[in-house]
Amino acid sequence: NICVHQACYGIHQIPAGKWYCNPCLCSLKPTCVLCGHEGGALKPVRLGTRWAHISCALWIPEVKIANVDTMEPISNFHSIPQSRWNLLCSICRIRQGACIQCCVPTCTVAFHVECAFQQGLKMKSRIDQAVTDAVRNEAYCPRHALLGTSPAGITSTAGTPQVNPRERRLKAMMDSFHQYARHTDLARKYRLAKPLATLIHSYWVLKRRLHNNQSFLSLPDPWQVVAEERLREFQEEKEKEESKDTSRPMVAEWELEWERFMILRQDMEKSRNLSY
């Protein structure tokens, strides 16, 4: 009975009938390798024999998700330092899995990601002003959560993804996709009322953003397009050559019938000889 967001769990299309999470499809009840808790939104690890929570993978800086569309597999466990594996969770008091620490630089309180969510600790994600479009995860221990302060220049141990300039420009272009298709052009081209065109355009923009700005139409492979063009050119040249070839006389219909009759006669002779 686990509830997940469609995009958070990597579900491309909502099934018509019942939906099953990955562990239930495998008839398993695994525990998370990062926190030791059973149940929840689990995804397979790259090795294939272990499982981990998506929330744990998002909040532990060294862990990566190989495919963000399907949100699996969870990988890069070898980058987790041994010091993180040795931390003692201040909530469950169990030294198991990998913990994160309070984002206040002077605080060393550690806790599992799942324990923090179950305990209701203050955990938030915000846009980093230093790096454009980068998300900073901030987790607070109970004492600093009550203070409600977010010191300037704080360094979160939950990790800050780095975004290079090229990825930033590509993301800006993808985010502005709706500027290339305006609702006024839609209304004029298809002769729609402006309120209806505005509603359709808004729905399309929201649906694109839900699917990470991915196009709804599958674009053809450029190599396949080139191959089809070359094949079409070859066929056209062949047809032109055949049309220019006038040396071969036109064969009459009775000659074709006579040729088929001779082939049939030869086949009958072969079958007669085999019967002796």
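The preceding data block contains the structure.
Our subject in this report is the structure included herewith. (Residues numbered from 1 in each chain as written. Predicted model: local features only at pLDDT ≥ 70, side-chain atom pairs only at ≥ 80, totals over all residues. Heavy atoms only, no water.)

### Section: the overall build of the protein
We apply this condition: Under the DSSP-based scheme used, a helix requires at least four consecutive residues in state H or I and a strand at least two consecutive residues in state E, with every element numbered from the N terminus. Exposure is judged per residue with a 1.4 Å probe applied to protein chains only, and the accessible area is read against the type maximum: over 50% gives exposed, under 20% gives buried, and values in between give partly exposed. Contacts were defined at the residue level, with two residues in contact if any of their heavy atoms lie within 4.5 Å. Surface exposure here means Shrake-Rupley accessible area, sampled with a 1.4 Å probe, where a residue is shielded only by the protein chains that are shown.
Looking only at helices and strands, the protein has 10 helices and eight strands in total. Within the protein, buried positions represent 27% of all 276 residues. Here the contacts in the protein between residues at least 6 apart in sequence split such that 43% fall between residues at least 24 apart. Accessible surface, the protein as shown: approximately 20,000 Å² in total, 57% of it carbon and sulfur.

### Regarding the state of the cysteines
This is how the line gets drawn: What counts as a disulfide here is a pair of cysteine sulfur atoms lying within 2.5 Å.
Counting across every chain of the model gives zero disulfides. With no disulfide of its own, Cys26 lies closest to Cys21 among cysteine sulfurs, the gap being 9.1 Å. Judged by relative accessible area, which is 44%, Cys26 ranks as partly exposed. Here Cys32 is not disulfide-linked; the sulfur of Cys35 is the nearest cysteine sulfur, at 3.7 Å.

### Quick notes on the nonpolar core
What counts here: Put simply, buried Ala, Val, Leu, Ile, Met, Phe, Trp, Tyr and Cys residues joined by side-chain atoms within 4.5 Å make one nonpolar core.
Of all hydrophobic cores here, the largest spans 41 residues; its most connected members are Leu34, Ala52, Ile60, Phe77, Ile100 and Phe111. Listed by contribution, the elements that provide at least two residues to this core are strand 2 (51–53), helix 2 (54–59), strand 6 (110–111) and helix 4 (113–119). The dominant element in this core, judged by the number of residues it contributes, is helix 2, at four residues. Apart from the residues lying within four places of it in its own chain, the contact partners of Ala52 are Cys32, Val33, Leu34, Ala41, Leu42, Lys43, Val45, Ile74 and Phe77.

### A few points about the packing of aromatic side chains
The following threshold applies: Think of it this way: a Phe, Tyr or Trp ring, Trp meaning its six-membered ring, pairs with another when their centres are within 6.5 Å, and the plane angle makes it stacked under 30 degrees, edge-to-face over 60, tilted otherwise.
On inspection of all chains with the given rule, the structure shows two aromatic pairs. Considering the side-chain rings of Tyr9 and Trp19, the 5.6 Å spacing of their centres and the 85° angle between planes classify their relative orientation as edge-to-face. Of this pair, Tyr9 sits in the segment before helix 1 (22–25) while Trp19 is found in the segment before helix 1, placing the two residues 10 residues apart along the sequence. Consider the rings of Trp59 and Phe117, whose centres lie 6.2 Å apart with planes at 85°: the pair is edge-to-face. Highlighted residues: Trp59 in helix 2 and Phe117 in helix 4, separated in sequence by 58 residues. You can call Trp59 buried: its relative accessible area is 8%.

### Notes on the packing of helix 7 (residues 183–190) against helix 8 (residues 194–210)
What counts is decided by this rule: Axis definition: a line fitted to C-alpha atoms, over the contacting stretch in the case of helices. Angles run 0 to 180 degrees between N-to-C directions. What sets the label is the angle itself: under 35 degrees gives roughly parallel, over 145 gives roughly antiparallel, 65 to 115 gives roughly perpendicular, and the rest give oblique. Handedness of a crossing follows from how the near helix is turned relative to the far one, being left-handed for an anticlockwise turn of less than a right angle and right-handed for a clockwise one.
Two elements in contact, helix 7 and helix 8, have axes separated by 8 Å at closest approach and are oriented at 125°. In terms of orientation, helix 7 lies oblique with respect to helix 8. Relative to helix 8, helix 7 is oriented so that their crossing is right-handed. Across the interface between the two elements, His183, Leu186 and Ala187 from helix 7 touch Ala197, Thr198, Ile200 and His201 from helix 8.

### Remarks on the environment of Ala110
On the secondary structure map, Ala110 appears in strand 6. In this structure Ala110 touches Leu87, Leu88, Cys89, Ser90, Cys99, Ile100 and Gln101, once residues within four positions along its chain are discounted.

### Re a negative patch on the surface
Quick note on the threshold: The residues that make up patches have over 30% relative accessible area and no salt bridge, and they are joined within 9 Å when like-charged or within 5 Å when they are Val, Leu, Ile, Met, Phe, Trp or Tyr. Put simply, a salt bridge is a Lys or Arg side-chain nitrogen that is within 4 Å of an Asp or Glu carboxyl oxygen. Here Asp and Glu are counted as negative and Lys and Arg as positive; His is not counted, and neither are the chain ends. Here the site of a charge means NZ on Lys, CZ on Arg, CG on Asp, or CD on Glu.
Among the surface-exposed residues, Glu228, Glu229, Glu233, Glu236, Glu237, Glu239, Glu241 and Glu242 lie close enough to one another that they form a single negatively charged patch. Structurally, Glu229 can be placed in helix 9 (residues 222–244).

### Let's talk about the environment of Ile74
Along the chain, Ile74 falls in strand 4 (residues 74–75). Looking at Ile74, the relative accessible area reads 0%, which means it is buried. In the structure, Ile74 is positioned 23 residues away from Trp51 in sequence and 8.2 Å away in space, judged by C-alpha atoms. Those residues within four positions of Ile74 in sequence are excluded, and the remaining contacts are Lys43, Pro44, Val45, Arg46, Ala52, His53, Ala57, Val63 and Lys64.

### Examining unusual backbone geometry
A cis amide bond, omega -5°, links Glu72 with the succeeding residue Pro73. Mapped onto the secondary structure, Pro73 falls in the loop between strand 3 (64–65) and strand 4. One non-glycine residue, Ser27, lies in the positive phi region at around 55°. By secondary structure assignment, the location of Ser27 is in the loop between helix 1 and strand 1 (42–44). Ser27 sits in the exposed class, given a relative accessible area of 66%. Here the phi dihedral of Arg93 falls at roughly 60°; this positive angle occurs in a residue that is not glycine. Among the structural elements, Arg93 can be located in the loop between helix 3 (82–85) and strand 5 (100–101).

### Section: the environment of Leu87
Counting through the fold element by element, Leu87 comes out in the loop between helix 3 and strand 5. The spatial distance from the C-alpha of Leu87 to the C-alpha of Phe111 is 8.1 Å, given a sequence separation of 24 residues. When near neighbours in sequence (up to four residues on either side) are disregarded, Leu87 contacts Arg95, Cys99, Gln101 and Ala110.

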